[in-house]
Amino acid sequence: MKTAVRSHIGRVRQLNEDRAWVGTTPGGLTAAAVADGMGGHNAGDVASTLAVDSLSKSLSAWEGVISAFEAEEKLKAIVLAANAAVFEAASTHPQYHNMGTTVVVALLDEREGLIGHIGDSRAYRIRGGAIEQLTDDHTLVNELARSGQLSREEAANHPRRNVLTRALGTDADVSVDLQRIDMLPGDRLLICSDGLSALVDKALILDTMNTEGVTLDQRADRLIALALTAGGDDNVTVALIEYEAGTGTRDGGTS
């Protein structure tokens, strides 16, 4: 597994409230997390930092495999621990009242992966020249689109498309979407904040992920550049994982 991570403040915002991390467990699993903070007075920055710090600490200490059912409950507990850390800080510091963050966390080996998700940051899998969105946005407009009250085109341009129906840290308890995926040689996993997904068409993302002769770091840089070219009106963050048979896992760092 190869990894890369990038984050950029964008062209408009005064503060980067996104956080990301990629690393490995003691047993050699590849782990990644992306969080996009929300809240006034820099609270979004605090929320995403607390969340990723909690997740990275827990994932770095992960023991065992991910194939057993117990691993799903363990990953859920890790996300809920991050939720508790953010909620406690928001509850005890008035300036952080009601802060929260999105989160996508992934844990992979060379056969399968687990993904935990809250909010509208996304995970995509690129396989065989196609891109598949693995997560489902927890937003008001997505709920309306799923119920048939809005078309997908209307949802994409709706003035309240950024209103979340679920976030990490805003309540004492939260529901975590969990899913198990398979991994094949040549697969690439993209985890990103909506600073990429809301501005850059999936076809452009796919072209960048499929371009031959490009390193994973260069792909990450190009994705950031695409978001900036499209206006860069939000922070933008990407974490990439590429499964190449015969290669070892390396740590891609923190952003």
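Residues numbered from 1 in each chain as written. Predicted model: local features only at pLDDT ≥ 70, side-chain atom pairs only at ≥ 80, totals over all residues. Heavy atoms only, no water.

## A word on the confidence of the model for the protein
And then number 1: Residue-level pLDDT values for the protein average 91, and 88% of them are 70 or greater.
And then number 2: The low-confidence segment residues 247-251 (pLDDT under 50) makes 14 contacts with residues lying over four places distant or belonging to another chain. (pLDDT = per-residue confidence, 0-100. Contact = heavy atoms within 4.5 Å.)

## Examining the side chain of His117
And then number 1: With respect to the element layout, His117 can be found in strand β6 (residues 112-118).
And then number 2: Among the polar contacts listed, one links the side chain of His117 to the backbone oxygen of Gly119, at a separation of 2.9 Å.
And then number 3: In this view, His117 contacts Val103, Val104, Thr135, Asp136, Asp137, His138, Val176 and Asp177; residues no more than four positions away in its chain are not counted. (Helix = DSSP H or I, 4+ residues; strand = E, 2+ residues; numbered from the N terminus. Polar contact = N/O pair within 3.5 Å; in protein donor to acceptor, adjacent residues only side chain to side chain.)

## Digging into the environment of Val104
And then number 1: Assignment of secondary structure puts Val104 in strand β5 (residues 103-108).
And then number 2: Along the sequence, Val104 and Gly119 sit 15 residues apart, while their C-alpha atoms lie 8.2 Å from each other.
And then number 3: For Val104, the contacting residues outside a window of four places in its chain are Ala32, Ala33, Val34, Ile115, Gly116, His117, Ser121, Arg122, Ala123 and Ile191.

## A closer look at unusual backbone geometry
And then number 1: The phi angle at Asn98 is positive, at roughly 70°, despite the residue not being glycine.
And then number 2: Along the polypeptide, Asn98 turns up in the loop between α2 (69-92) and β4 (100-101).

## Quick look at the pattern of salt bridges
And then number 1: Under the criterion given, the structure shown has 15 salt bridges.
And then number 2: Taking the shortest distance from any N to any O, the salt bridge between Lys2 and Glu244 comes out at 3.3 Å. With Lys2 in strand β1 (residues 2-8) and Glu244 in the loop between β11 (236-242) and β12 (253-254), this residue pair connects regions lying 242 residues apart in the sequence.
And then number 3: We note a salt bridge from Arg13 to Asp234, for which the minimum N-O separation is 3.4 Å. With Arg13 in the loop between β1 and β2 (18-24) and Asp234 in the loop between α7 (216-229) and β11, the pair connects residues that are 221 residues apart, well separated along the chain. (Salt bridge = Lys/Arg side-chain N within 4 Å of Asp/Glu carboxyl O.)

## Description of the packing of helix α1 (residues 43-60) against α2
And then number 1: Viewed as axis vectors pointing N to C, α1 and α2 meet at an angle of 145°, and their least axial separation amounts to 9 Å. The crossing of α1 and α2 is right-handed. Residue-level inspection shows Ala47, Leu50, Ala51, Ser54, Leu55, Ser58 and Leu59 of α1 in contact with α2, the latter providing Leu75, Ile78, Val79, Ala81, Ala82, Ala85, Val86 and Ala89.
And then number 2: Residues of the contact of α1 with α2, tallied by class, amount to 13 nonpolar, two polar and no charged. (Axes fitted to C-alpha atoms, helices over the stretch in contact; angles between N-to-C directions. Left-handed = near helix turned anticlockwise from the far one by under 90°. Nonpolar A, V, L, I, M, F, W, Y, C, P; charged D, E, K, R; others polar.)

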